[in-house]
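Structural characterization, general
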Amino acid sequence: MAQEIILPALSAGMTEAVIARWLKSHGELVRKGDAIAEVETDKATMELEAQADGYLAGIAFDSGATVPVNSIVGFIVQKGDDLLVEGRRGSQAKVREQPERPTKRQSDMGGQAASSQITGVNESGKLRASPLAKRIAAQRGIDLATVTGTGPGGRIVRIDVEGILKPERPAIAIETPTPGLSLSDHRPHISIPHSMMRRAIARRLLEAKTTVPHFYLHAECRMEPLLALRTEINVSRPADQRISVNDFIVKAAASALQAHPKANVVWTDQALLQFSEVDISVAVATDGGLITPIIREANHKGLGVISEEVRDLASRAREGQLRPSEYQGGSFSISNLGMYGVSSFTAIINPPQSAILAVGAIERRPVVDGDHVSSAELLMCTLSLDHRCIDGALGAQLLASFKEAVESPLRLLV
């Protein structure tokens, strides 16, 4: 009996994912627990595992396809099953275009009906072409009768139509006018499709900026004591294990949140959730966008442990290898752009968290000490707060405690 391979929700709020690549091929023997495909979500690349012993068959989506959650992506069958023969034809499609996604109704259908819809098999014998291929052909005056289809069952797909075009400047895609764009936007350009991560970032930031009542607090921290202590600590440490300024900032933020537990909260429609432990999200830039792995219980960890965890999480974040539990949750975020020479900036809160600290570069600037003007190493920090959770006075106390911890770094070693 064939067992359906269903694309599950691999993380909270996941509605779709990209089949990055199949690790097993049609007809290949698999064992329960074997990784059969790599699935790219909006945050990471994870493995889809076989849930039974058998042979992989009926692959419905090629590598690169965007697939809704709960869709049937293939089957695990036993020897002698017809799908071992029938599935071979479907798995030979070179490209299956992402814009053609099954509807919810199609996703809920049985395996045979859903597979028929996905492959576009037309039993009437009419010309078989995807809607996108038809639209491109109509726009560019291409007779589909002259095009050879490479899709399932000979179906004509986008790549078949685009493949017969020979633009004089192949490095630049000349796009047709898009509704909503002004004529001045129709210059030669390349079209970069949104990744799953970029779509998720756009959706969450729009939600945050339009629904969360932000307010901002600023503070300058004198950094000479911290820089001197960091130099002393790192003298005997290997180059790849040295403590960074950002490690101190994570520890100082954890210390401040522990001192003001009423600020260690997240917002829900029913209640504020106040946490006893301090879990801090650290923003990491990746090729696909920003991701925020979490230092759990940072209030109980020393600088060395925090530094090691930040390096490990950041490295795996850039490789797309984080587990959902490593980036979901947290009550406070830190975004540091100082290494890019940014003096100061304001950051957008990551819901349902209630605050994010934006950290700029350490710069030597003039300061006034009594009647004298001297220079000092200064760090500008901006704290963005959700006014539903944290009032101005509490936010000011939190930032003051952070500033005190940064300027008296020996306290962070105790």
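The structure we're discussing is the one just above.
Conventions adopted
Residues numbered from 1 in each chain as written. Predicted model: local features only at pLDDT ≥ 70, side-chain atom pairs only at ≥ 80, totals over all residues. Heavy atoms only, no water. 1 Å grid on protein atoms, 1.4 Å probe; cavity = no way out; pocket = protein on both sides within 12 Å on 5 of 7 lines; lining within 4 Å. Points joined across faces, edges and corners; volume = space filled by probe spheres on them. Helix = DSSP H or I, 4+ residues; strand = E, 2+ residues; numbered from the N terminus. Nonpolar A, V, L, I, M, F, W, Y, C, P; charged D, E, K, R; others polar. Buried < 20%, exposed > 50% of the residue type's maximum accessible area, 1.4 Å probe, protein only. Contact = heavy atoms within 4.5 Å. Pairing = 2+ DSSP bridges. Axes fitted to C-alpha atoms, helices over the stretch in contact; angles between N-to-C directions. Expected span 1.5 Å × (residues − 1). Arc of directions from axis to C-beta. Polar contact = N/O pair within 3.5 Å; in protein donor to acceptor, adjacent residues only side chain to side chain.

As for the layout of surface pockets
Considering only enclosed or pocket space, the second largest pocket measures out at about 980 Å³ in volume. Taken together, 42 residues make up the lining of the second largest pocket; nearest its centre are Val-282, Ala-283, Val-284, Ala-285 and Leu-290. For the lining of the second largest pocket, the secondary-structure elements that each account for two or more residues are helix H6 (196-211), helix H8 (245-259), strand E13 (284-285), strand E14 (290-291), helix H9 (303-318) and strand E16 (332-336). In terms of residue class, the lining of the second largest pocket is built from 23 nonpolar, 10 polar and nine charged.

Observations concerning the environment of Ala-219
For Ala-219, the location among the structural elements is in strand E9 (residues 214-222). Overall, the relative accessible area of 11% leaves Ala-219 in the buried class. Along the chain, Ala-219 and Ala-396 lie 177 residues apart, while their C-alpha atoms are 9.6 Å from each other. Setting aside anything within four residues of it in sequence, one finds Ala-219 in contact with Leu-379, Met-380, Cys-381 and Leu-399.

What to know about the sheet that holds strand E18 (residues 372-386)
In space, the six strands of this open sheet follow the order E9-E18-E17-E16-E12-E15, with mixed pairing throughout. Only two strands of the sheet have a single partner each, and these edge strands are E9 and strand E15 (294-295). Sheet analysis places strand E17 (residues 355-369) next to E18, joined by 13 bridges and oriented antiparallel. Paired with Ile-356 across the two strands is Ser-384, which belongs to E18. Where helix H7 (residues 224-234) meets the sheet, it contacts E9, E17 and E18, and its direction lies at approximately 90° from that of E18.

Examining H6
Taking 1.5 Å per residue as the helical rise, H6 with its 16 residues ought to reach 22 Å, and the 22 Å between its terminal C-alpha atoms agrees with that figure. Residues Met-196, Met-197, Ala-200, Ile-201 and Ala-208 constitute the buried set of H6. Take H6 and look down its axis: the buried residues cluster within an arc of 125°, on one side only. Turned more than 90 degrees away from the buried face of H6, the exposed residues are Leu-206 and Thr-210. Packing partners of the buried residues in H6 comprise strand E2 (16-22), strand E4 (35-40), strand E7 (66-68), E9 and E14.

Considering the sheet that holds strand E5 (residues 45-49)
Spatial ordering of the open sheet is given by E5-E4-E2-E7, a layout of four strands whose pairing is antiparallel. The strands lining the two open edges of the sheet, one partner per strand, are E5 and E7. Across this sheet, the average inter-strand angle for adjacent strands is 45°, counted without regard to direction. Packed onto the sheet, H6 meets E2, E4 and E7 and runs at close to 165° relative to E2.

Topic: the side chain of Asn-234
Structurally, Asn-234 can be placed in helix H7. Here the side chain of Asn-234 touches Ile-243 through a polar contact of 2.8 Å, landing on its backbone nitrogen. Each residue touching Asn-234, except ones within four places of it in the same chain, is listed here: Arg-242 and Ile-243.

Regarding the environment of Arg-296
Structurally, the position occupied by Arg-296 is in the loop between E15 and H9. Assessed through its relative accessible area of 29%, Arg-296 is described here as partly exposed. Taking C-alpha positions, Arg-296 is 7.8 Å from Gly-330, a pair spaced 34 residues apart along the chain. Apart from residues lying up to four places away in sequence, Arg-296 is in contact with Val-278, Asp-279, Lys-301, Glu-309, Ser-325, Gln-328, Gly-329 and Gly-330. Within the local environment of Arg-296, its side chain forms a polar contact with the backbone oxygen of Ser-325, the two atoms lying 2.6 Å apart.

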